[in-house]
Amino acid sequence: MLDARALPKAELHVHIEGTLEPELTFEIAERNRIAVAYPSVEALRAAYDFSDLQSFLTVYYAGMNVLRTERDYYDLTIAYLRRAVADNVRHAEIFFDPQAHTSRGVPFAVVANGIREALGDAERELGVSSHLILCFLRDRSAESAMQTLEAALGDRERIVAVGLDSAEAGNPPSKFVRVFERARAEGFRAVAHAGEEGPPEYISEALDLLKVSRIDHGVRCLEDAALVERLRRERVPLTVCPLSNLRLKVVRRLEEHPLRRMLDAGLLATVNSDDPSYFGGYVGENYARSAAALGLTTAELQTLARSSFEASFLDDAARRRYLGELEALQGGPATVSHAPTV
Ligand code: ADE
Ligand code: ZN
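Model, not experiment: these values are computed from the prediction. (Residues numbered from 1 in each chain as written. Chains lettered and ligands numbered in written order. Predicted model: local features only at pLDDT ≥ 70, side-chain atom pairs only at ≥ 80, totals over all residues. Heavy atoms only, no water.)

Chemist: How do you make sense of the layout of surface pockets when you look at a structure like this?
Modeler: Taken as a whole, the largest pocket encloses approximately 220 Å³ of empty space. As for the largest pocket, its lining consists of 14 residues, and the residues nearest its centre are Val 36, Ala 37, Tyr 38, Ala 62 and Gly 63. The element best represented in the lining of the largest pocket is helix α3 (residues 53-63), accounting for three residues. (1 Å grid on protein atoms, 1.4 Å probe; cavity = no way out; pocket = protein on both sides within 12 Å on 5 of 7 lines; lining within 4 Å. Points joined across faces, edges and corners; volume = space filled by probe spheres on them. Helix = DSSP H or I, 4+ residues; strand = E, 2+ residues; numbered from the N terminus.)

This is the structure:
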């Protein structure tokens, strides 16, 4: 059986704040002299027992309260990239939530500089490329999102796209039409979480009103056959996060995860980790556990890895280079076979 961890892949849906491991939480809390609400790493990890998206978000926003300095954001980001490289992630498009930091008094530049420094070091030292995606918190106002975009305009290095995350139900994409229009006019690509807990209509709204080029999650598309047909025809990428959906009770069992039906329907799905510290697995684990639960074949795992590069915001030369690495591993067109004759 193919080791899915070894496949060269891109990760397209990971929140940097969701990679904060309890060990690092305590280390940063100590040096910043901040109290953690739990007595130990084990007790903190034991609190990661969620009933839905909102129950997770409450813990997630509380957890990132320890992050204050550029060094904190650097340490968080470099730790994620080291772990991702162990799963042969060759390229990462990483979400960050500026409003969750600026609203606590941490300046945008502190967050962005710390993250970017780590991305640069990881590119040079570990060979992993990366982009940033600035997410707006959809449960805050459109005005707050616009202010966040304006802060990023003067400080946009490595930010390729804007996204939309946080509590989905009751916060439709239509709330953010103006800010996405402005972001696209400024040259950013757009993505949005849609159809995770929210209805399939939010997926259509994200495509029609926000003009997104990818949908994050999108698993509830299966409730609308016409929408599935549209996503297939237009080859809209969907960044699926199986272990996240399991831990947030979007699905009851991994064996019932919609990824199987999405692939069978011909959708351009990719596999990602979302908030791996909280959901029990980085991207390699998401591939491996989905393969075991859904009976994914070697060819399907290779398709998922290929789709991850195809759905990325890489330029064509870089995309071709990474796809070549994948083909070389599969003995495809990029390799010359020198198999010995025995
Ligand atoms: N922020 C971090 N993880 C998220 C998720 N799975 N859905 C919405 N917002 C998020
Ligand atoms: Zn997410």
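Chemist: Looking at this structure, I do not really get the coordination of the zinc ion (ligand 2). What am I missing?
Modeler: Each pair of donors in an ideal four-coordinate tetrahedral metal site encloses 109.5 degrees, whereas pairs in an ideal six-coordinate octahedral site enclose 90 or 180 degrees. For the zinc ion (ligand 2), every protein donor is listed as His 13 (NE2), His 15 (NE2), His 193 (NE2) and Asp 274 (OD), and the spread of their distances is 2.1 to 2.2 Å. Positions of the donor residues of the zinc ion (ligand 2), expressed as sequence spacing, correspond to H-x1-H-x177-H-x80-D. Here His 13, found in strand β1 (residues 9-15), pairs with His 193, found in strand β5 (residues 189-194); they are 180 residues apart in sequence, far enough to count as distant. Judged by its relative accessible area of 5%, His 193 is buried. (Donors = N, O, S within 2.8 Å, 3.2 Å for Na, K, Ca; no water. Buried < 20%, exposed > 50% of the residue type's maximum accessible area, 1.4 Å probe, protein only.)

Chemist: Please clarify how the pairing of β5 should be interpreted in this entry.
Modeler: The buried fraction of β5 is high, at five of six residues. Judged from the two bridges that link them, strand β4 (residues 159-165) and β5 form a sheet pairing that is parallel. Residue pairing across strands places Ala 161 opposite Arg 189, the latter belonging to β5. Sheet analysis places β5 next to strand β6 (residues 214-217), joined by four bridges and oriented parallel. (Pairing = 2+ DSSP bridges.)

Chemist: What am I meant to see in the packing of aromatic side chains here?
Modeler: The geometry of two aromatic rings is summed up by the distance between their centres and the angle between their planes. Applying the stated criterion across every chain, the model contains 12 aromatic pairs. With 5.4 Å between their ring centres and 80° between their planes, Phe 50 and Phe 56 make a pair best called edge-to-face. In terms of burial, Phe 50 and Phe 56 fall into one category: buried. An angle of 65° between the planes, with centres 5.9 Å apart, marks the rings of Phe 136 and Phe 180 as edge-to-face. Here the residue Phe 136 occupies a position in strand β3 (residues 129-137), and Phe 180 occupies one in helix α8 (residues 177-185), the gap between them amounting to 44 residues. Overall, the relative accessible area of 0% leaves Phe 136 in the buried class. By relative accessible area, Phe 180 is classed as buried at 0%. (Phe/Tyr/Trp six-rings, centres within 6.5 Å; stacked < 30°, edge-to-face > 60°.)

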